[in-house]
Amino acid sequence: MSELTITLLRLGYLVLLWLFVLAAIGVLRRDLYGTKIVNRRLRRAERTVSPAVTAPPPAPGRPGPIPRREVNPRRLVVTAGPLRGTTLPLSTSAILIGRAPSCTLVLDDDYSSSRHARVFPQDGDWWVEDLGSTNGTFLGRERVTEPTPVRPGTQIRVGQSTLELQR
């Protein structure tokens, strides 16, 4: 083999080695800082809609519409536990919580069951339901025995993790 071929092979192996190192660093970074899930479609829609265009001005002599405050929570946040800081956007589907890989929020926790609990929307409210877990699901200090409505800011405890619905 010529010297040029050997030099090109060495450079190729060096580039391949650096790609492997960078991929390993990326995996370690995700493991350390967790996954932050962001709904990009929602952010794009917020940027394109301007408040001046959406609401027509009130007619003279008539009071304008009373601005409605958004009271529905928009995200489920892990506030304590191994996954602290993890955020899941709330949509129209239920969030399954547990150790099983098929769950929406997978907890690496010895005190949670494989399918521990679910948080789901119903009739405009959010509810929490224990799915027959061994150690139970707690809403505040009360153990959840049946589907129970959850208000934003109330803590949901699943194993060693504490979750909260936030606006």
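Along each chain, residues carry numbers from 1 onward, in the same order as the chain's sequence is written. Where totals are concerned, whole chains, interfaces and linings use all residues; where local detail is concerned, this predicted model gives features only for residues with pLDDT of at least 70, and gives and counts side-chain atom pairs only at 80 or more. Hydrogens and waters are ignored; side-chain quantities use all the structure's heavy atoms.

**A few points about the pattern of salt bridges**
Moving on, step 1. For salt bridges, the criterion is a side-chain nitrogen of Lys or Arg within 4 Å of an Asp or Glu carboxyl oxygen. All chains considered together, the criterion is met by one salt bridge.
Moving on, step 2. Ionic pairing is found between E129 and R118, a salt bridge with its closest N-O pair at 2.7 Å. Residue E129 is found in strand 6 (residues 125–130), and its partner R118 is found in strand 5 (residues 117–122); the two are separated by 11 residues along the sequence.
Moving on, step 3. Only protein chains enter the accessibility calculation, which uses a 1.4 Å probe; a residue is then buried when its area is under 20% of its type maximum, exposed when over 50%, and partly exposed in between. Given the relative accessible area of 19%, E129 is considered buried.
Moving on, step 4. Residue classification places R118 among the partly exposed residues on the basis of a relative accessible area of 29%. Strands are runs of DSSP state E lasting at least two residues, helices are runs of H or I lasting at least four, and both sets are numbered from the N terminus onward.

**Remarks on the sheet that holds strand 7 (residues 137–139)**
Moving on, step 1. Strand order in the open sheet formed by six strands is 2-1-11-10-7-8, with antiparallel pairing between adjacent strands. Each having just a single partner strand, strand 2 (87–89) and strand 8 (142–143) make up the two edges of the open sheet.
Moving on, step 2. Between any two strands, pairing holds if DSSP finds at least two bridges. For strand 1 (residues 75–80) and strand 2, the ladder comprises three bridges, and the chain directions are antiparallel. Pairing of V77 across the sheet is with T87, part of strand 2.

**Some points on the side chain of D130**
Moving on, step 1. Here D130 is to be found in strand 6.
Moving on, step 2. The side chain of D130 sits in the buried core without any salt bridge; R143 is the nearest counter-charge, 5.6 Å away.
Moving on, step 3. At 2.6 Å, the side chain of D130 forms a polar contact with the side chain of S133.
Moving on, step 4. Here a polar contact is recorded for every N or O atom pair within 3.5 Å, except that within protein the pair must consist of a potential hydrogen donor and a potential acceptor, and residues adjacent in sequence are included only if both atoms are side-chain atoms. At 2.6 Å, the side chain of D130 forms a polar contact with the side chain of T137.
Moving on, step 5. In this structure, D130 is in contact with H116, A117, G136, T137 and V144, ignoring residues within four places of it in sequence. Just so you know, the count uses Lys and Arg for positive and Asp and Glu for negative, and it drops His and the chain ends. In what follows, residue pairs with any heavy atoms lying within 4.5 Å of each other are defined as contacts.

**Some points on the side chain of T86**
Moving on, step 1. Following the sequence through the fold, T86 ends up in the loop between strand 1 and strand 2.
Moving on, step 2. A distance of 2.7 Å separates a polar side-chain atom of T86 from the backbone oxygen of L83.

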